[in-house]
Amino acid sequence: FLPNPKTIAIVGCPFSGGQPKLGVDKGPIHLVEAGLIEQLEEIGWKVHFDGHHQFEEIHAASDPPIKTLLKNPRLVSRVCESVASVVGGHAKNGQLPVTLGGDHSLAMGTVSGTLASYPDACVIWIDAHADINTSKTTESGNIHGMPVSFLLGLGENHPEFAWIRPVLKPERIVYIGLRDIDTGERRILRENKIKAFSMHEVDKYGIGKVVEMALDHVNPNRDLPIHLSFDVDALDPSVAPSTGTPVRGGLTFREGHYICEAIHETGLLVALDLMEVNPSLADPESVRQTVAVGCSLVRSALGETLL
Ligand SMILES: N[C@@H](CSCCS(N)(=O)=O)C(=O)O
Ligand SMILES: [Mn+2]
Ligand SMILES: [Mn+2]
Ligand SMILES: [Mn+2]
């Protein structure tokens, strides 16, 4: 297996239903308007832009929380199901889907789509958070804190999410950047023996060694396709301030870029998510900075180098 997509498919997902803050649905348009498409063409890619997918609303009255907790379940499920078919379709066409969020609940769709085309793909999840709560462990009911549990088939089955198959195995996901984990998530990570490199390990070993260890865990022979799901809140808030759930003590600008550069170097990247850019949460300069960092990370994951 050696993927070598020549064309990127930009999948703009203006979606915020997985969390309560307005504005994250404007992430995609800000990234595209900052010139991301031209920047990717500049580094040699053909870029296919599907436009920003419009998701029809489901009114709150007809989408009550599950167990009075999970919010907008039917909306999130329906949106992720359509994202799965869009991303899966591009992957099947040999294109490299680059999904622009939008909140991280979308990863239920993107990873499902990738795994439909590349069933043995591994997932590298860059995030301050594990996003692995189940309906039993979540404290917020925000589904952007739950996508990984759905992909692994953990927790009880909810009919609203019947389309999601447990396509991801615990040994095929690895985290880098964790520093804000809920009690229930700690237990889930431990019980499922999921490998996670927190900011403690990043400090202890350095980002180079951490990325090598992460790849050794999920891709020991460097022969499995890679789906990189990058939540900009993995970066320190001083680097990416305009995001919904900022947590101090995050990745530096260079650490974030090193991860993307190193994954590009494997030649195994088949799908990328750039999530949780919310251009409405900071002053204009901080928003511009956050959007610019998002574009820069995407370029690095797709081959832009320093020399
Ligand atoms: N663990 C918390 C915060 S989850 C933050 C989600 S994200 N996608 O990383 O911003 C929760 O479940 O609400
Ligand atoms: Mn298309
Ligand atoms: Mn996340
Ligand atoms: Mn996060």
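Coordinates for the structure precede this section.
No experiment lies behind these values; they were computed from the predicted model shown. (Residues numbered from 1 in each chain as written. Chains lettered and ligands numbered in written order. Predicted model: local features only at pLDDT ≥ 70, side-chain atom pairs only at ≥ 80, totals over all residues. Heavy atoms only, no water.)

Some points on the packing of aromatic side chains
- Per the stated rule, a full pass over the model turns up three aromatic pairs.
- With a centroid separation of 6.5 Å and an interplanar angle of 65°, the aromatic rings of Trp125 and Tyr175 are classed as edge-to-face. With a gap of 50 residues between them, Trp125 in strand S4 (residues 122-126) and Tyr175 in strand S5 (residues 173-178) connect regions that are remote in the sequence.
- When the ring of Phe150 is compared with that of Phe161, the centres are 4.5 Å apart and the planes differ by 35°; the resulting orientation is tilted. A residue pair is termed long-range when its members are at least 10 positions apart, and Phe150 in helix H5 (residues 147-152) and Phe161 in the loop between H5 and S5 qualify at 11 residues. Neither Phe150 nor Phe161 differs from the other in exposure class; each is buried. (Phe/Tyr/Trp six-rings, centres within 6.5 Å; stacked < 30°, edge-to-face > 60°. Helix = DSSP H or I, 4+ residues; strand = E, 2+ residues; numbered from the N terminus. Buried < 20%, exposed > 50% of the residue type's maximum accessible area, 1.4 Å probe, protein only.)

Considerations on the coordination of the manganese ion (ligand 2)
- At the metal site, the manganese ion (ligand 2) is ligated by His48 (NE2) and Asp50 (OD), and these contacts range over 2.3 Å.
- Taking relative accessible area as the criterion, His48 reaches 31% and is therefore assigned partly exposed. (Donors = N, O, S within 2.8 Å, 3.2 Å for Na, K, Ca; no water.)

Points about the coordination of the manganese ion (ligand 4)
- The protein atoms that coordinate the manganese ion (ligand 4) are Asp127 (OD), His129 (ND1), Asp231 (OD), Asp233 (OD) and Asp233 (OD), at distances of 2.1 to 2.5 Å.
- Considering all six donor atoms around the manganese ion (ligand 4), the spread of angles at the metal, 60 to 171°, places the coordination shape in the irregular class.
- Site description for the manganese ion (ligand 4): donor spacing in sequence, D-x1-H-x101-D-x1-D.
- Between the two metal centres, the manganese ion (ligand 4) and the manganese ion (ligand 3), the spacing is 3.3 Å, with Asp127 acting as a shared donor. Placement of Asp127 in the loop between S4 and H5 and of Asp231 in strand S7 (residues 226-231) is noted, with a sequence separation of 104 residues between them.
- Given a relative accessible area of 2%, Asp231 falls into the buried group. (Tetrahedral: all angles 85-135°; square planar, octahedral: opposite > 155°, others 65-115°.)

Brief notes about the pattern of salt bridges
- Under the defined criterion, the tally for this structure stands at 11 salt bridges.
- For the salt bridge of Asp63 with Arg74, the shortest nitrogen-to-oxygen distance reads 2.7 Å. A residue pair is termed long-range when its members are at least 10 positions apart, and Asp63 in the loop between strand S2 (46-52) and helix H3 (73-92) and Arg74 in helix H3 qualify at 11 residues.
- Using a relative accessible area of 4% as the deciding quantity, one classes Asp63 as buried.
- Residues Glu285 and Arg288 are paired through a salt bridge, measuring 2.8 Å at the closest nitrogen-oxygen approach. Placement of the pair is Glu285 and Arg288 together in helix H10 (residues 284-301), with a separation of three residues, close to one helical turn.
- Connected through salt bridges with shared partners, the residues Asp63, Arg74 and Glu160 form a single ionic network. (Salt bridge = Lys/Arg side-chain N within 4 Å of Asp/Glu carboxyl O.)

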